[in-house]
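# Structure assessment
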Amino acid sequence: MIALAEAQAGTNGTAGARRIAAAFARARAAGRPALIPYVVAGYPDADTSFAIALAAADAGADLLEVGLPYSDPLADGATLQRASAAALRAGATLEGALRLIERIGAARPDLPLVPMAYANQVIGGGDGSATAARLAAAGAAGLIVADLTPDEGEAFEAVCRTAGLALVY
């Protein structure tokens, strides 16, 4: 399991962890806290969530957390639950969220993207390697998985490490 402090320090050795650590170091060198806005993929729709992400980046975001809409987001607060539900009603899917991350990554390649997901979304019925590889290729530096058990986390961390992602759970 990688703790947030380890991701910030880049100690898990992945390219993603080093990108996250560099973002925190730049903010620290500027004498300010890191700005990490949260965008729900597909809320209120795909194009608007992309525009919001770019606006956040252009306004000085050091990292960007991208919430992957989920039907039962129990780890999220009421506002994010409502945004996720609205995104799903508007047609948001995991595939659409991956495309959004690709678009953001292509438009702002220096901005570390850290998707926030649930285990069923990223691991599903397998080991999650396809999703982890796709996230890394899309520009994600790390991944937050809200509901991994310690046993699942150990196995999935190895998958994420192979893909170059820092895993936070």
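Residues numbered from 1 in each chain as written. Predicted model: local features only at pLDDT ≥ 70, side-chain atom pairs only at ≥ 80, totals over all residues. Heavy atoms only, no water.

### Some remarks on the pattern of salt bridges
For the structure shown, the criterion picks out seven salt bridges. A salt bridge links Arg-103 to Asp-47, with the shortest nitrogen-to-oxygen separation between them at 3.3 Å. Taken together, the positions of Arg-103 in helix H5 (residues 94-107) and Asp-47 in helix H3 (residues 46-58) put the pair 56 residues apart, joining distant regions of the chain. The partner of Glu-95 in a salt bridge is Arg-99, with the nearest N and O atoms 3.8 Å apart. (Salt bridge = Lys/Arg side-chain N within 4 Å of Asp/Glu carboxyl O. Helix = DSSP H or I, 4+ residues; strand = E, 2+ residues; numbered from the N terminus.)

### So, the confidence of the model for the protein chain
Taken as a whole, the protein chain shows an average pLDDT of 89; of its residues, 93% reach a score of 70 or greater. Here residues 6-11 is modelled with pLDDT under 50, and outside its nearest four sequence neighbours on either side it reaches 16 contacts, counting other chains as well. (pLDDT = per-residue confidence, 0-100. Contact = heavy atoms within 4.5 Å.)

### Here's the deal with the side chain of Ser-49
With respect to the helices and strands, the residue Ser-49 is situated in helix H3. Overall, the relative accessible area of 1% leaves Ser-49 in the buried class. A distance of 3.0 Å separates the side chain of Ser-49 from the backbone oxygen of Ala-46, its partner in a polar contact. Discounting chain neighbours no more than four positions away, the residues touching Ser-49 are Val-39, Val-40, Ala-41, Gly-42, Tyr-43 and Leu-100. (Buried < 20%, exposed > 50% of the residue type's maximum accessible area, 1.4 Å probe, protein only. Polar contact = N/O pair within 3.5 Å; in protein donor to acceptor, adjacent residues only side chain to side chain.)

### Observations concerning the environment of Glu-102
In this structure, Glu-102 sits in helix H5. Spatially, the C-alpha atom of Glu-102 lies 26 Å from that of Glu-152, the residues being 50 residues apart in sequence. If we ignore the near neighbours within four places in the chain, the residues touching Glu-102 are Arg-134 and Ala-138.

### Describing helix H7 (residues 129-138)
The set of residues buried in H7 consists of Thr-131, Ala-132, Leu-135 and Ala-138. Seen from one end, H7 has its buried residues packed into an arc of 130 degrees, which puts them on one side. Turned more than 90 degrees away from the buried face of H7, the exposed residues are Ala-130 and Ala-137. Buried residues along H7 sit against H5, strand E3 (113-117), helix H6 (119-122), strand E4 (142-145) and helix H8 (150-163). Following H7 by one or two positions, Gly-139 has its phi on the positive side, about 115 degrees. (Arc of directions from axis to C-beta.)

### A short note on the pairing of E3
The two faces of the sheet receive side chains in turn, since in a regular strand these alternate between them. Summarising burial for E3: five of the five residues are buried, a large majority. In terms of strand pairing, strand E2 (residues 64-67) meets E3 through four bridges, oriented parallel. Each bridged residue has a counterpart across the sheet, and for Val-66 the counterpart in E3 is Pro-115. Where E3 and E4 come together, two bridges link them in parallel fashion. From the neighbouring strand, Ala-117 faces E4, where its bridge partner is Val-145. (Pairing = 2+ DSSP bridges.)

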